[in-house]
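Secondary and tertiary structure notes
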Amino acid sequence: MYKHVESPCTRSCSMFMSHMEDLTSALTRKISLKAPLVSSPMDTVTEARMAIAMALCGGIGIIHHNCTPEFQANEVRKVKKYKQGFIIDPVVMGPKQTVGDIWKYKQEYGFSGFPITENGKMGGKLVGLITNRDVDFLPPEKYGTPISDVMNPLDKLVLAPAGVTLNEANKILQESRKGKLPIVNESGELVSLMARTDLKKNREFPLASKDEKKQLLVGAAVSTHEEDRHRLELLVQAGVDVVVLDSSQGNSIFQINMIRHLKQLYPELQIIGGNVVTAAQAKNLIDAGVDALRVGMGSGSICITQEVMAVGRPQGTSVYKVAEYARRFGVPVIADGGIQTVGHTVKALALGASTVMMGSLLAGTSESPGEYFFADGVRLKKYRGMGSLDAMERHKGSAIRYFTSESDKIKVAQGVSGNIVDKGTIHKFVPYLIAGIQHGCQDIGAKSLSVLRSMMYSGELKFEKRTMSAQVEGGVHGLHSYEKRLF
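What this report covers is the structure whose coordinates are included nearby.

How each quantity is defined
Residues numbered from 1 in each chain as written. Predicted model: local features only at pLDDT ≥ 70, side-chain atom pairs only at ≥ 80, totals over all residues. Heavy atoms only, no water. Buried < 20%, exposed > 50% of the residue type's maximum accessible area, 1.4 Å probe, protein only. Helix = DSSP H or I, 4+ residues; strand = E, 2+ residues; numbered from the N terminus. Arc of directions from axis to C-beta. Contact = heavy atoms within 4.5 Å. Salt bridge = Lys/Arg side-chain N within 4 Å of Asp/Glu carboxyl O. Axes fitted to C-alpha atoms, helices over the stretch in contact; angles between N-to-C directions. Parallel < 35°, antiparallel > 145°, perpendicular 65-115°, else oblique. Left-handed = near helix turned anticlockwise from the far one by under 90°. Nonpolar A, V, L, I, M, F, W, Y, C, P; charged D, E, K, R; others polar. Core = buried A, V, L, I, M, F, W, Y, C linked by side-chain atoms within 4.5 Å.

A few words on helix 9 (residues 279-288). Among the residues of helix 9, those classed as buried are Q281, A282, L285, I286 and A288. All buried residues of helix 9 lie within an arc of 155° about the axis, which places them on one face of the element. Structurally, helix 9 contributes buried residues whose contacts are with helix 8 (253-265), strand 15 (270-276), strand 16 (292-295) and helix 11 (315-326). At the C-terminal side of helix 9, G289 shows a positive phi close to 110°.

As structure tokens, this is what we get:
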């Protein structure tokens, strides 16, 4: 973990504003991100919605593989097909549902405008649209009214044909002064939706991570077993940009063989290997041809590998040792685990990591998979480690990550399941993280992350061990009570 390491000390003088800080950093040998942030391939963290949001904010999302190959490939496809401003997977309702259902959906999703299709599903024939103003003043005794009785029928809607460009759709919305614009194909089936509020939010994403075709970048995790070669084929067909070989112990013959196989079959595909925590482990994967390394073992908030297996390494030491070796070969390092605050991110980057991978830090956001629920008045979401029994029992992909086979009579858990507090939307939380990193680098006196790392390797930037007294002193203390609002 990073909490026992003093914040970096430096002799440099800050001569620039924090917003001038360049956070561009390498994810792999060939892929760079404008924000050094990666969402973890966990089934309670990253699917298409999270990956889209992360890419728009300048990072990247890695789709988990605790699912069928077809489902994962489809999630990748959703990200690659995403067009800024278009909602490709809107919440849809059916005409036989009631006004009461609208209020339930509003509580669940935070909005009350929904397209209505014949079958109540995306891709069904559009029959109407319901908005907040249509049901705002209906009394509770009317909540049993079918949506078909209160919705805006099809003949009163402004529509756009499939294939419409973002600029054309934007112009239609402006001229019609409507809040939502359904996009339909020649058969009248709903293809996507555009919302005026989303256009306001998504007007500019200057940091967005895109490929040469201007499509959002996305990664996907796979196991090191031969059976996942079919999964890889589907992911490549879907347009995946980078593949993460997901293993709790990356220094294995399975991973080395998989790296060699992938490099022969897909030489242009970027491969992230791991997890490793020593230079010796890193050497084997670099020799096999890996394009980046994922560093960390047992340091995640839901991971109990160090406790149960007595195997692992403190995360700060792991990142420094592996990064110091890998940089000689131009291989970037991803600090995976132990990131709980902006300060931890700054420390990981100062220790040599090019990017940081986050699980618990993103799990409570509205873009993460799963539904919110309330406990003791607090809004929560489920969060679990991929080594937990819950995850292993859901799909064998999680078990394979920890070298556990279906035939094993006893599964040894290396993770736990729990709940995480609501953090709101990624579109507010990630900009907060980015601003925090910029301020941290400004205080250190590094105008870019490459400068930050060079300062550390040159000895200009130093780390000091913190005593317990220093840790107490560095936190909030001496107050009767306080409120800690981060953004």
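What follows continues from the structure just given.
Here we take up the pattern of salt bridges. When the charged atoms of two side chains with opposite charge come close together, those side chains can pair. Using the criterion set out here, one finds twelve salt bridges in the structure. Of the charged contacts in the structure, one is a salt bridge between K80 and D241, with a shortest N-O distance of 2.9 Å. One end of the pair, K80, is in helix 2 (residues 69-81); the other, D241, is in the loop between helix 7 (229-238) and strand 14 (242-245), and 161 residues separate them in sequence. Notably, a salt bridge pairs R294 with D336, separated by 2.8 Å at the nearest N-O pair.

Moving on to the packing of helix 9 against helix 11. Packed helices, taken two at a time, are described by the angle their axes make and the gap between the axes. As a packed pair, helix 9 and helix 11 sit with axes 9 Å apart at the nearest point and diverge in direction by 40°. The orientation of helix 9 relative to helix 11 falls into the category oblique. Judged by the sense of rotation from one axis to the other, the crossing of helix 9 with helix 11 is right-handed. Across from A279, A282, K283 and I286 in helix 9, the residues of helix 11 making contact are K321, V322, Y325 and A326. Across the contact of helix 9 with helix 11, the residue classes break down as six nonpolar, no polar and two charged.

What follows is about the nonpolar core. Counting residues in each nonpolar core, the largest one holds 86 residues, and the members touching the most others are L37, L293, M358 and L452. Top contributing element to this core by residue count: helix 16 (residues 426-444), with nine residues. Residues within four places of L452 in sequence aside, it is in contact with L349, A350, C441, I444, A446 and L461.

Cis geometry is adopted by the peptide bond preceding N275, which originates at G274 and carries an omega value of 5°. Residue position: N275 is located in strand 15. A positive phi angle, near 60°, is found at R177, a position not held by glycine. Counting through the fold element by element, R177 comes out in the loop between helix 5 (166-176) and strand 11 (180-184). Judged by relative accessible area, R177 falls into the exposed class, the value being 73%. A positive phi is found at D376, a non-glycine position, where the angle reads about 55°. When you line up the elements, D376 lands in the loop between strand 19 (373-375) and strand 20 (378-384).

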